[in-house]
Amino acid sequence: MAQNGSEAGPLVAGVSGRYASALFELARDERQLDAVAEALNQFDGLLKESADLRRLVRSPVFSAEQQEAAISAILEKAGITGLAANFIRLAAANRRLFALPGMIAAFRSLVQDSKGIVRAEVRVAEKPSDALIEEIKASLKDVAKADVDIDLVVDPSLIGGLVVKMGSRMVDASLKTKLNGIRLAMRAAR
């Protein structure tokens, strides 16, 4: 418990946080956390794949009715049902689709926190093999003393190596940073 008597947990704020918290509590009470998380992840994947869907979600030009109709058709075609589908439709009806990516991220954070899973962002220069990803996860699990979920980001500007962000900690073992360090040391030596 926090000093103010509330349960300690991840900070979720704003529209996204309020919607995510309400969905989390409902899904937890209905014992559907995993099903809702999976359906939201599926919809998030659709958002990332489709520029048209992103435009529908972000654009204020479409009326609530148009957004609801389009979202309902997409949910039906994707096979997304239950609490997650109702949640997405509610966001459309309330003209909050623009905040849906943030709601999904906040919900994901609440679920991970409730399960004791730590999130880590791993930036690499090129896509690593599955074996290397598992090795990175195992190393991070040893450090975090908890299960770790990795967000893998491919960033060719790193040249090589990796950058890991986990909570407030960051380890930069990229070739780019090492080369910049050498360059600065050479300037200072002049």
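Here the structure is shown first, and the text comes after it.
Notes on the structure follow. Since the model is a prediction, treat every value here as computed from it, not as a measurement.

### A closer look at the nonpolar core
Then, in step 1: Formed by 34 residues in total, the largest nonpolar core has its most connected members in L40, F43, L100 and F107.
Then, in step 2: Of all the secondary structure elements, the ones that give two or more residues to this core are α1 (14-29), α2 (33-49), α3 (51-58), α4 (64-78), α5 (82-93) and α6 (100-115).
Then, in step 3: Discounting chain neighbours no more than four positions away, the residues touching F43 are L53, I71, I74, L75, I80, I88, L100 and I104.
Then, in step 4: Core analysis: the second largest hydrophobic core is formed by 10 residues, L140, A144, I150 and M166 among them.

### Thoughts on the environment of I104
Then, in step 1: Tracing the backbone through its elements, the reader meets I104 in helix α6.
Then, in step 2: C-alpha of I104 to C-alpha of I133: the two residues are 29 residues apart in sequence and 24 Å apart in space.
Then, in step 3: Residues contacting I104, with those up to four places away along its chain left out, are L40, F43 and D44.

### A few points about the pattern of salt bridges
Then, in step 1: Under the defined criterion, the tally for this structure stands at 10 salt bridges.
Then, in step 2: Its salt-bridge partner being D52, residue R55 comes within 2.2 Å of it at the nearest N-O pair. You can see R55 and its partner D52 sitting in helix α3, 3 residues apart, about one turn around the helix.
Then, in step 3: Within the structure, one salt-bridge network assembled from shared partners comprises D44, K48 and R108.

### Considering the sheet that holds strand β4 (residues 169-174)
Then, in step 1: Taken in spatial order, the 4 strands make up an open sheet running β2-β1-β3-β4, and their pairing is mixed. Edge positions in the sheet fall to β2 (148-154) and β4, since each of these pairs with one other strand and no more. Neighbour to neighbour, the strand axes of the sheet diverge by 15° on average, direction disregarded.
Then, in step 2: Strand direction decides the pairing type here: strand β1 (residues 118-124) and β2, joined by 7 bridges, are parallel. Looking across to β2, one finds that R119 is bridged to D149.
Then, in step 3: The strands touched by helix α7 (residues 130-144) are β1, β2, β3 (161-166) and β4; relative to β2, the strand with the most contacts, the crossing angle is about 130°.

### Notes on α2
Then, in step 1: Between its first and last C-alpha, α2 extends 24 Å over 17 residues, near the 24 Å set by a 1.5 Å rise per residue.
Then, in step 2: Buried residues of α2: L33, V36, A37, A39, L40, F43, D44 and L47, and no others. The buried side chains of α2 occupy one side of the element, clustering within an arc of 165° when seen end-on. More than 90 degrees from the buried face of α2, the exposed residues found are E38 and E49.
Then, in step 3: Buried residues along α2 sit in contact with α1, α3, α4, α5 and α6.

### Describing the pairing of β1
Then, in step 1: As a crossover connection, the stretch from β1 through α7 into β2 is right-handed.
Then, in step 2: Direction of pairing for β1 relative to β3: antiparallel, over a ladder of 5 bridges. Looking at β3, one finds that V124 is bridged to L162.

### A closer look at the layout of surface pockets
Empty pockets left among the atoms are what a rolling probe the size of a water molecule brings to light.
Then, in step 1: The calculated volume of the second largest pocket comes to roughly 180 Å³.
Then, in step 2: Lining the second largest pocket, in full, are D34, A37, N41, R108, V111, Q112, K115, I117, R119, V148 and D149.
Then, in step 3: Elements with a minimum of two residues in the lining of the second largest pocket: α2, α6 and β2.
Then, in step 4: Ranked by the residues each element gives to the lining of the second largest pocket, the list is headed by α6, at 4 residues.
Then, in step 5: Residues of the lining of the second largest pocket, tallied by class, amount to 4 nonpolar, 2 polar and 5 charged.

Calculation notes
- Residues numbered from 1 in each chain as written.
- Predicted model: local features only at pLDDT ≥ 70, side-chain atom pairs only at ≥ 80, totals over all residues.
- Heavy atoms only, no water.
- Core = buried A, V, L, I, M, F, W, Y, C linked by side-chain atoms within 4.5 Å.
- Buried < 20%, exposed > 50% of the residue type's maximum accessible area, 1.4 Å probe, protein only.
- Helix = DSSP H or I, 4+ residues; strand = E, 2+ residues; numbered from the N terminus.
- Contact = heavy atoms within 4.5 Å.
- Salt bridge = Lys/Arg side-chain N within 4 Å of Asp/Glu carboxyl O.
- Pairing = 2+ DSSP bridges.
- Axes fitted to C-alpha atoms, helices over the stretch in contact; angles between N-to-C directions.
- Expected span 1.5 Å × (residues − 1).
- Arc of directions from axis to C-beta.
- Right-handed = clockwise from strand over helix to strand, strands pointing away.
- 1 Å grid on protein atoms, 1.4 Å probe; cavity = no way out; pocket = protein on both sides within 12 Å on 5 of 7 lines; lining within 4 Å.
- Points joined across faces, edges and corners; volume = space filled by probe spheres on them.
- Nonpolar A, V, L, I, M, F, W, Y, C, P; charged D, E, K, R; others polar.

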